[in-house]
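Chain and residue survey
For reference, the chains in residue letters:
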Amino acid sequence: MLIKILYIVLAYLCGSIPFAYIIAKAVGRVDIRVVGSGNCGSANVFRSVGKRAGIATFIADTLKGFIPVYFAIFIDNTFFYFVAVAAAAIAGHMFTIFLKFKGGKGVATGLGVFLALMPLPALIAFAVFGLVFVFSGYVSLGSICAVICLPLASYFSGYSIATVAFAFAAAVFIVYKHKANIKRLMEGSERRSKIFKER
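In this report, the structure presented in the accompanying data block is examined.

Criteria and cut-off values
- Residues numbered from 1 in each chain as written.
- Predicted model: local features only at pLDDT ≥ 70, side-chain atom pairs only at ≥ 80, totals over all residues.
- Heavy atoms only, no water.
- Phe/Tyr/Trp six-rings, centres within 6.5 Å; stacked < 30°, edge-to-face > 60°.
- Buried < 20%, exposed > 50% of the residue type's maximum accessible area, 1.4 Å probe, protein only.
- Lys NZ or Arg CZ within 6 Å of the ring centre and 35° of its normal.
- Helix = DSSP H or I, 4+ residues; strand = E, 2+ residues; numbered from the N terminus.
- Expected span 1.5 Å × (residues − 1).
- Bend = angle between axes of the 7 residues up to and from the residue.
- Contact = heavy atoms within 4.5 Å.
- Axes fitted to C-alpha atoms, helices over the stretch in contact; angles between N-to-C directions.
- Parallel < 35°, antiparallel > 145°, perpendicular 65-115°, else oblique.
- Nonpolar A, V, L, I, M, F, W, Y, C, P; charged D, E, K, R; others polar.
- Disulfide = S-S within 2.5 Å.
- Core = buried A, V, L, I, M, F, W, Y, C linked by side-chain atoms within 4.5 Å.

In this section: the packing of aromatic side chains. Tallying each qualifying case throughout the model produces ten aromatic pairs. Ring geometry for Phe 71 and Phe 74: centres 6.1 Å apart, planes at 25°, overall stacked. The class for Phe 71 is partly exposed, based on a relative accessible area of 39%. The exposure class of Phe 74 is exposed, given its relative accessible area of 65%. Here the basic side chain of Lys 179 rests over the ring of Tyr 176, its NZ or CZ set 4.4 Å away from the ring centre.

Taking 1.5 Å per residue, 18 residues should reach 26 Å; helix H8 (residues 139–156) reaches 25 Å between its end C-alpha atoms and fits that length. Where H8 bends most, at Leu 150, the angle is about 30°, and the proline Pro 151 comes one to four residues later. Looking at the buried side of H8, the elements it contacts are helix H3 (42–48), helix H6 (107–117), helix H7 (119–136), helix H9 (161–177) and helix H10 (179–187). Positive phi appears at Gly 158, one or two residues downstream of H8, with a value of about 90°.

The next subject is the packing of H8 against H9. Orientation of H8 relative to H9, taken along the N-to-C sense of each, is 170°, at an axis distance of 8 Å. Relative to H9, the element H8 lies roughly antiparallel. Seen from H8, the contacting residues are Ile 144, Val 147, Ile 148, Leu 150, Pro 151, Ser 154 and Tyr 155; seen from H9, they are Val 164, Ala 167, Phe 168, Ala 171, Ile 174 and Val 175. Here the contact of H8 with H9 is built from residues that sort into twelve nonpolar, one polar and no charged.

We now examine the state of the cysteines. Scanning the entire structure with this criterion turns up zero disulfides. The thiol sulfur of Cys 145 is not disulfide-bonded, and the nearest other cysteine sulfur, from Cys 149, lies at 9.0 Å. Residue class for Cys 145 comes out partly exposed when judged on its relative accessible area of 27%. Residue Cys 149 is classed as buried on the basis of its relative accessible area, which comes to 16%.

Formed by 32 residues in total, the largest nonpolar core has its most connected members in Val 69, Val 85, Val 113, Phe 114 and Leu 117. Those elements that place two or more of their residues in this core are helix H1 (2–16), helix H5 (79–94), H6, H7, H8 and H9. For this core, the element with the highest residue contribution is H5, accounting for nine residues. Discounting chain neighbours no more than four positions away, the residues touching Val 85 are Tyr 7, Ile 8, Ala 11, Pro 68, Val 69 and Ala 72.

With that out of the way, let us pick up H1. Here H1 contains 15 residues, and its C-alpha end-to-end distance of 21 Å stays within 8% of the 21 Å for a straight helix at 1.5 Å per residue. The complete set of buried residues in H1 reads Tyr 7, Ala 11, Tyr 12, Gly 15 and Ser 16. Tucked inside the fold, the buried residues of H1 contact helix H4 (51–70) and H5.

Inspection of the secondary structure assignment puts Glu 187 in helix H10. Note on Glu 187: relative accessible area 53%, which makes it exposed. In the structure, Glu 187 is positioned 129 residues away from Phe 58 in sequence and 27 Å away in space, judged by C-alpha atoms.

What follows is the structure, given as C-alpha cells:
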C-alpha cells in the first residue's frame, strides 16, 4: 500500500514539473507567468517565446502525463489505480508545487494521460484539436473541442462506462480552466496563433 501511495505522489510530482517555465527561462530568458496570457503552458510558450520552444514544451508536458500512467501497471493494474495516478499527474500540472500551485490548464498533460489510458480516443481528440486549431487559429477553441470530443470518442470506441465517466470529468474540469478563454472567444477578443510564424 505504501508503494502505491508513493507512486501516486511521484505521479503528482512528475506532473508538477513546470516545463513551460523552465523552457521559457532557458530559451527566451522570460518568466512565462508574466508574458502573454500568463498561463504556464505550451500555447503561451509557443506565442511568447517561439514555435520550437512551444513544441518542446508540448511534448514534455505530454510525456509527464503519459509516463506515470503507462508504468502504473507495474504497481497496480486496476482501473481505479490508473485513474488515481492519472488524476495526480493532471493535478500536478494544473497546481504545481514548484510554482506556488499555479500551473497550466492540463491539455497536453491530459493528452499524455489519455494516450496511456485510451490511445484511440486520445488520438481522435488530438486530431480534432489540430483541425480546429489550423482552421480557426485558436488554441483554446481547439483544446475545448478536443476535450469535449474525448468522452464521446471513448464511448463510441467501446470503453467502459467508468472510463468514459473519467474522461467526461477530466473534460469538464479542463473546460472550466478555459473559462477566461471562453469569455474572450464570445467577445471576439481571443488572440489567434500564427502557426507558421517563425520567431
